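What follows is the residue order along each chain.
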Amino acid sequence: MFITWRIDGCELLSILEFGVLSRGIATGVCAGMSYLLLFTLTKSYLTVEMILSIEYTMFLFGCIGIFGLIYFYNYLPETESKTLLEIEEFFASNLKGLK
């Protein structure tokens, strides 16, 4: 359930982030990276558990989740009651500032 929600949630966020011209390719790349990350985490879980024990493994994955939560809270803009054009202009203006 968590993995399914996480992937769908990331795809929904990436749909809102990218402009109309690059939305298809960019969303596909983000979804592919998400699946690759989930595959890596799933395959490395048993190895990490053997090295750290189950308590520290849960602590490690919990810390990673909390770090992700803090990152999204600080860097993901609020999009409620904004049009797609306003969101697109926000990201376009922020990209110009990075160049």
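This structure is a prediction, so every number in the text was calculated from the model and none was measured. (Residues numbered from 1 in each chain as written. Predicted model: local features only at pLDDT ≥ 70, side-chain atom pairs only at ≥ 80, totals over all residues. Heavy atoms only, no water.)

Draft legend 1. The arrangement of the overall build of the chain in detail. The number of helices and strands found in the chain is 4 helices and 0 strands. When the elements of the chain are put in sequence order from the N terminus, they spell out α-α-α-α. Sequence-distant contacts, at least 24 apart, represent 45% of the contacts inside the chain between residues at least 6 apart. Of the roughly 8200 Å² that the chain leaves accessible, carbon and sulfur atoms contribute 73%. (Helix = DSSP H or I, 4+ residues; strand = E, 2+ residues; numbered from the N terminus. Contact = heavy atoms within 4.5 Å. Areas by Shrake-Rupley, 256 points an atom, 1.4 Å probe, with all protein chains shown as cover.)

Draft legend 2. Looking closely at the confidence of the model for the chain. Per-residue confidence for the chain gives a mean pLDDT of 76; residues scoring 70 or more make up 74%. Mean pLDDT per element in the chain: helix 1 (residues 2-17) is the minimum at 55, and helix 3 (residues 54-75) is the maximum at 88. Across residues 1-5 the pLDDT falls below 50, and counting only partners more than four positions away or on other chains, this stretch makes 1 contact in the model. (pLDDT = per-residue confidence, 0-100.)

Draft legend 3. Geometry of the packing of aromatic side chains. Evaluated as defined, the whole model comprises 2 aromatic pairs. Geometrically, the ring pair formed by Tyr45 and Phe61 is tilted, given 6.0 Å between the ring centres and 40° between the ring planes. Pair noted here: Tyr45 is in helix 2 (residues 23-52) and Phe61 is in helix 3, with a separation of 16 residues, a long-range link. With centroids separated by 6.0 Å and ring planes inclined at 65°, the aromatic side chains of Tyr71 and Phe72 adopt a geometry described as edge-to-face. Judged by relative accessible area, which is 43%, Phe72 ranks as partly exposed. (Phe/Tyr/Trp six-rings, centres within 6.5 Å; stacked < 30°, edge-to-face > 60°. Buried < 20%, exposed > 50% of the residue type's maximum accessible area, 1.4 Å probe, protein only.)

Draft legend 4. Main features of helix 2. Compared with the 44 Å implied by 1.5 Å per residue over 30 residues, the 40 Å span of helix 2 between its first and last C-alpha is a close match. The largest bend in helix 2 is about 40°, located at Tyr45. By the burial criterion, the buried members of helix 2 are Arg23, Ala26, Thr27, Ala31, Ser34, Leu38 and Val48. Once helix 2 ends, the next one or two residues include Ser53, with phi positive near 85°. (Expected span 1.5 Å × (residues − 1). Bend = angle between axes of the 7 residues up to and from the residue.)

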